[in-house]
Each structure stands twice: as structure tokens, then as C-alpha cells.
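Each chain is listed here by its residues.
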Amino acid sequence: MEEPVHEKTRTDDDDNVALVLYGVDDLRMVPWEKPSPKPGEVLLRMQSVGICTSDVHFWTWGRIGDYVVTSPMVMGHEASGCVVAVGDGVKNLQVGDRVAVEPGVPCRHCNYCKQGRYNLCPDVKCCSCPPVHGSLTHYYCHDADFCYKLPNNIPYDHAALLEPLSVAVHACQRGGVCLGSKVLICGAGPIGLVCLLTAKACGAAHVIITDLMEQRLEVAMAMGADQVVKVDTKDTQKLANHIRDTMGDAPDVSIECTGVEASITTAIYATRSGGVVALIGLGAPMATVPIVNAVLREVDIRGVFRYHNCYPVAMEMLSSGSVPADKLDHMITHHYKLADSLEAFETAKTGRGGAIKVIIHCD
Ligand code: NAD
Ligand code: ZN
């Protein structure tokens, strides 16, 4: 593969390195040019960056759907940093501000952007989604209005998790989770777990969560799940009945966080008539699901794609304690330095040592 355009070709005074994906199974730590902020941007000294399932997927498969790695790409998009320089015209931030980085910057001009659903913008540029560089580096520039100044009580590690928490906020909003809701969450990976915390913060009365792995269900209990169900059958109707029996009722809202066909099927069967199934999980592009069952019982099936206007909400949830910091800590299982990023990715990929959320410290 050709050399990356931003790779440093000569030594200069500002040492910078980045974790760069060159292709399938080819991650390298390389010297990388320190950028300068353009008008409207801030230069960040990166702090905590979480590894996401999608980062691992690009590393192992080189693609997700139509997004294909064709040129070297810096990894990382669940990020926090400290402002070290501001570009012309930046009014909302100053040098020294601690920020969370919302990784997807939309065009701001299309109808989706104007209507506020900027996650649907066809021209959104999102960190570590090819060909857009991510933030696993020491120095990184980002649009200032997509950086959120952190209150003092949100540490950098938690600020990095505002990204998945924003997915969860959007999912709970799309699903209509509210005071008293009975919620089923399918999958106790990082996304399912932040959905659990967010559903509770929305006032859900009862949250039940499923997974194949006992260890993840134990973490879910520690994080406040009312009940857990270990999935040990391929009979989706039977599993749905078991979920309803365990809950003592049918869920109003199911949030699917695996992308697995059987799990989507279970979610549809389990959800009460007139309820909602919110789909976050990204699995096979085609799936056979009980669509007539959903039609006849008016179960709404809604897609969830990232988030829009959710960072401020997620930040308030954390800062106010609606999402308790000690509960969030249960899912942060591993910490690595930027220099040890390859090892960090290996841990995230294999799940060794009970890994759930792996954080890389860039500073
Ligand atoms: P993950 O792979 O770490 O977690 C998925 C969990 O589901 C695992 O714990 C796994 O054991 C469990 N699981 C697998 N099959 C199951 C089954 N049949 N029943 C119950 N549990 C089962 O992934 P994650 O980081 O938590 O992300 C979850 C999904 O959300 C992924 O598909 C990811 O690509 C997707 N995602 C989508 C968006 C979006 O904007 N739509 C954003 C982030 C992540
Ligand atoms: Zn747009």
C-alpha cells in the first residue's frame, strides 16, 4: 500500500506518532505529522481513547459494509483531549480546556443537517471510518463546535465513553424509553451496557439484559441490571417466552445490541404488542426476521445510527450522576499507553482477561 500522505517524511521538533491501519491485520505505530488547526478547528493533545468494536473490525476485515480501508488511516474515535491551540474564529474553546470529541462532523448544509438529524448526512466525515483519520495520536485537530468542554467532575476516561453513551442516548430516544419503561437489552457488550445505564437514567423501571457470556452478564448485574438471561438455546420463540416469564411481563422497548439474526428475532417476539424494537447491532446485511409477527402486533422496528445532538445529554447524564461514575467504571477493564496500542487492540479483539472496554492513554 502507498505511503500515507500525512506520514512524516522528515524529522522535526514536534514528535508525534499515530496508530495507523495500513490494511487487513496491518496496524503500525508510525511517526505522524503534527497538524496545525485550520480556521474553526482546535488542536488537541489527545488523552483517553477507547477501542470500539468497529476499530477492531476494520483491523481484522478491512471493511464494514461499503466503508473500505483503501489508504492508511489513523485509528480511534472514542476520544477526549486537551486544547493546546485554537484556529481562527474559534469562540467556544480556549487553550487548556478539557474536551470530549464528537467524531462525526457533517456537512452542515444538506436537509438532514438543517433538520438536525445530522447523523444521516450523506457527507458526514467520521474519525476512523475510512478514509477519515481518527484520533489515536498525540496531536489531532478537530472542528471546535464538535468538541464539548468537560465539567471538572468528568475524567478523561469517562469523556471517551461519551461516544458510546451518545449511541445509547439516541437508542433510548428512538425507542421511547421513559419513566416506568420495561426494557429488554440484547447483548451485554459495551453498547448493551451503556444502553443499560442510559435506560436506567431515563427512568426505566425494569431492565433485563441477555448475552451468551456469563462474565458479561455479571458485569451487567454490577452495573444495575434488574435481571439477566443467559442465551443457551437456538429456539427464539422459547427464549422470548423465557424473557417474558423472567420479567413477569413483556418489554415495552427492546434495544438490540448484537446484530445477530436470532437475537433480532428474539427481540421482536419478546416485545409487547404496540412496543418498539430499536436496532443498534450491525450484523449480516440481510436477515430473516418474523416480520409478519411484528406487523400483526404493531411492533415498530427502528434503526439507530450513531446519534445527533446527544453529546450534551450524555455529558449531563454523567456529570449529574444520573449515570453513576462507579457503575460506568465496571465496564472499563483495561488501560494501555499509546506506545502499547497493538497490545491494546489484541486485548480488545480476543477479549482476553475479560476485556470489555479497553482505553488507550495518549498522553
Ligand atoms: P460486542 O461484540 O462487544 O458485544 C456484543 C455482545 O452480544 C457480546 O457480548 C456477545 O456475547 C453478545 N451476543 C452475541 N450473540 C448473542 C445472542 N444471540 N444473544 C445475546 N447476546 C449475544 O459489540 P458492541 O461494541 O457492544 O457493539 C454491539 C453492536 O452494535 C455491534 O454490532 C456494533 O457494530 C454495533 N454498533 C452500532 C452502532 C450504530 O450506530 N448503529 C454504533 C456502535 C456499535
Ligand atoms: Zn449534511
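As the structure is a computational prediction, the values presented were derived from the model and not from experiment. (Residues numbered from 1 in each chain as written. Chains lettered and ligands numbered in written order. Predicted model: local features only at pLDDT ≥ 70, side-chain atom pairs only at ≥ 80, totals over all residues. Heavy atoms only, no water.)

**Considerations on the domain arrangement of the protein chain**
Part 1 of the argument: Partitioning the protein chain into structural domains gives domain 1 (16–161 + 331–361) and domain 2 (168–303).
Part 2 of the argument: For domain 1 versus domain 2, the separation of C-alpha centres amounts to 28 Å.
Part 3 of the argument: Facing 7 residues of domain 1, the contacting portion of domain 2 comprises 9 residues.
Part 4 of the argument: Here domain 1 is connected to domain 2 by 0 salt bridges. (Domains from an automatic or database assignment. Contact = heavy atoms within 4.5 Å. Salt bridge = Lys/Arg side-chain N within 4 Å of Asp/Glu carboxyl O.)

**Things to note about a nonpolar patch on the surface**
Part 1 of the argument: Side chains of I291, V292, V295, L296 and I301 sit close together on the surface and give an oily, nonpolar patch of about 490 Å² of accessible area.
Part 2 of the argument: For the nonpolar patch, the element with the most residues is helix 9 (residues 291–296), which contributes 4 residues.
Part 3 of the argument: For V295, a relative accessible area of 57% corresponds to the exposed category. (Patch = residues over 30% accessible without salt bridge, like charges linked within 9 Å, V, L, I, M, F, W, Y side chains within 5 Å. Areas by Shrake-Rupley, 256 points an atom, 1.4 Å probe, with all protein chains shown as cover. Helix = DSSP H or I, 4+ residues; strand = E, 2+ residues; numbered from the N terminus. Buried < 20%, exposed > 50% of the residue type's maximum accessible area, 1.4 Å probe, protein only.)

**Quick look at the packing of aromatic side chains**
Part 1 of the argument: On inspection of all chains with the given rule, the structure shows 4 aromatic pairs.
Part 2 of the argument: The interplanar angle of 90 degrees and the centroid separation of 5.7 Å between the aromatic rings of Y118 and F146 together place this pair among those described as edge-to-face. Residue Y118 is found in the loop between helix 2 (111–114) and strand 10 (125–126), and its partner F146 is found in the loop between strand 11 (139–143) and strand 12 (147–149); the two are separated by 28 residues along the sequence. As far as burial versus exposure is concerned, Y118 and F146 are alike and both buried.
Part 3 of the argument: Each ring, one from Y148 and one from Y311, has its centre 5.3 Å from the other, and the planes form 15 degrees; the classification is stacked. One end of the pair, Y148, is in strand 12; the other, Y311, is in helix 10 (residues 311–320), and 163 residues separate them in sequence. Both residues of the pair, Y148 and Y311, belong to the buried class. (Phe/Tyr/Trp six-rings, centres within 6.5 Å; stacked < 30°, edge-to-face > 60°.)

**Remarks on the coordination of the zinc ion (ligand 2)**
Part 1 of the argument: Bound to the zinc ion (ligand 2) on the protein side are C107 (SG), C110 (SG), C113 (SG) and C121 (SG), at distances that span 2.3 to 2.4 Å.
Part 2 of the argument: For the zinc ion (ligand 2), the 4 donor atoms in the first shell make angles of 105 to 116 degrees at the metal, so the coordination geometry reads as tetrahedral.
Part 3 of the argument: Here the donor residues for the zinc ion (ligand 2) map to a single chain with the spacing C-x2-C-x2-C-x7-C. Residue C107 is located in the loop between strand 9 (104–105) and helix 2, and its partner C121 is located in the loop between helix 2 and strand 10; the two are separated by 14 residues in the primary sequence.
Part 4 of the argument: In this structure C107 comes out as partly exposed when scored by relative accessible area, which is 21%. (Donors = N, O, S within 2.8 Å, 3.2 Å for Na, K, Ca; no water. Tetrahedral: all angles 85-135°; square planar, octahedral: opposite > 155°, others 65-115°.)

**Let's talk about the site of ligand 1**
Part 1 of the argument: In the vicinity of ligand 1, 21 residues are found, and the nearest of them are T53, D211, R216, V304 and R306.
Part 2 of the argument: Within the backbone of P190, an N or O atom sits 3.2 Å from an oxygen atom of ligand 1.
Part 3 of the argument: For ligand 1, whose accessible area on its own is 860 Å², the fraction buried by protein is 82%.
Part 4 of the argument: Looking at the shell around ligand 1, the elements that each hand over two or more residues are helix 5 (190–201) and strand 14 (206–211).
Part 5 of the argument: Residues of the shell around ligand 1, tallied by class, amount to 11 nonpolar, 7 polar and 3 charged. (Near = heavy atom within 4 Å. Polar contact = N/O pair within 3.5 Å; in protein donor to acceptor, adjacent residues only side chain to side chain. Nonpolar A, V, L, I, M, F, W, Y, C, P; charged D, E, K, R; others polar.)

**Observations concerning the sheet that holds strand 15 (residues 227–230)**
In any sheet, the strands associate via hydrogen bonds between backbone groups, in a parallel or an antiparallel arrangement.
Part 1 of the argument: The sheet built from 6 strands is open, its strands ordered 15-14-13-16-17-18 with parallel pairing. Single-partner strands in this sheet number two, and they are strand 15 and strand 18 (300–303). Here the average twist between neighbouring strands, direction ignored, is 20 degrees.
Part 2 of the argument: Strand direction decides the pairing type here: strand 13 (residues 182–186) and strand 14, joined by 5 bridges, are parallel. What sits directly across from C186, in strand 14, is T210.
Part 3 of the argument: Relative to strand 17 (residues 276–279), helix 4 (residues 162–175) is tilted by about 155 degrees, and along the sheet it contacts strand 16 (253–256), strand 17 and strand 18.
Part 4 of the argument: Docked against the sheet, helix 8 (residues 261–270) engages strand 13, strand 16, strand 17 and strand 18, running at close to 165 degrees with respect to strand 13. (Pairing = 2+ DSSP bridges. Axes fitted to C-alpha atoms, helices over the stretch in contact; angles between N-to-C directions.)

**Regarding the nonpolar core**
Part 1 of the argument: Core analysis: the largest hydrophobic core is formed by 59 residues, its most contacted members being L162, I185, L193 and I255.
Part 2 of the argument: When contributions to this core are tallied by element, the ones reaching two or more residues are helix 3 (156–160), helix 4, strand 13, helix 5, strand 14, helix 6 (214–222), strand 16 and helix 10.
Part 3 of the argument: The element that contributes the greatest number of residues to this core is helix 4, accounting for 7 residues.
Part 4 of the argument: The two domains that each donate at least three residues to this core are domain 1 (16–161 + 331–361) and domain 2 (168–303).
Part 5 of the argument: Residue contacts for L193: discarding those within four places in its chain leaves A188, I209, V219, A220, M223, M331 and I356.
Part 6 of the argument: Core analysis: the next-biggest nonpolar cluster, separate from the first, contains 35 residues, V56, A144, I360 and C362 among them. (Core = buried A, V, L, I, M, F, W, Y, C linked by side-chain atoms within 4.5 Å.)

**Topic: the pairing of strand 2 (residues 26–31)**
Part 1 of the argument: Pairing of strand 1 (residues 17–23) with strand 2 involves 6 bridges; the strand directions are antiparallel. Counterpart to A18 in the pairing with strand 2 is V30.
Part 2 of the argument: Linking strand 1 to strand 2, which pair antiparallel, is a turn of 2 residues; within it D25 sits at a positive phi near 60 degrees.

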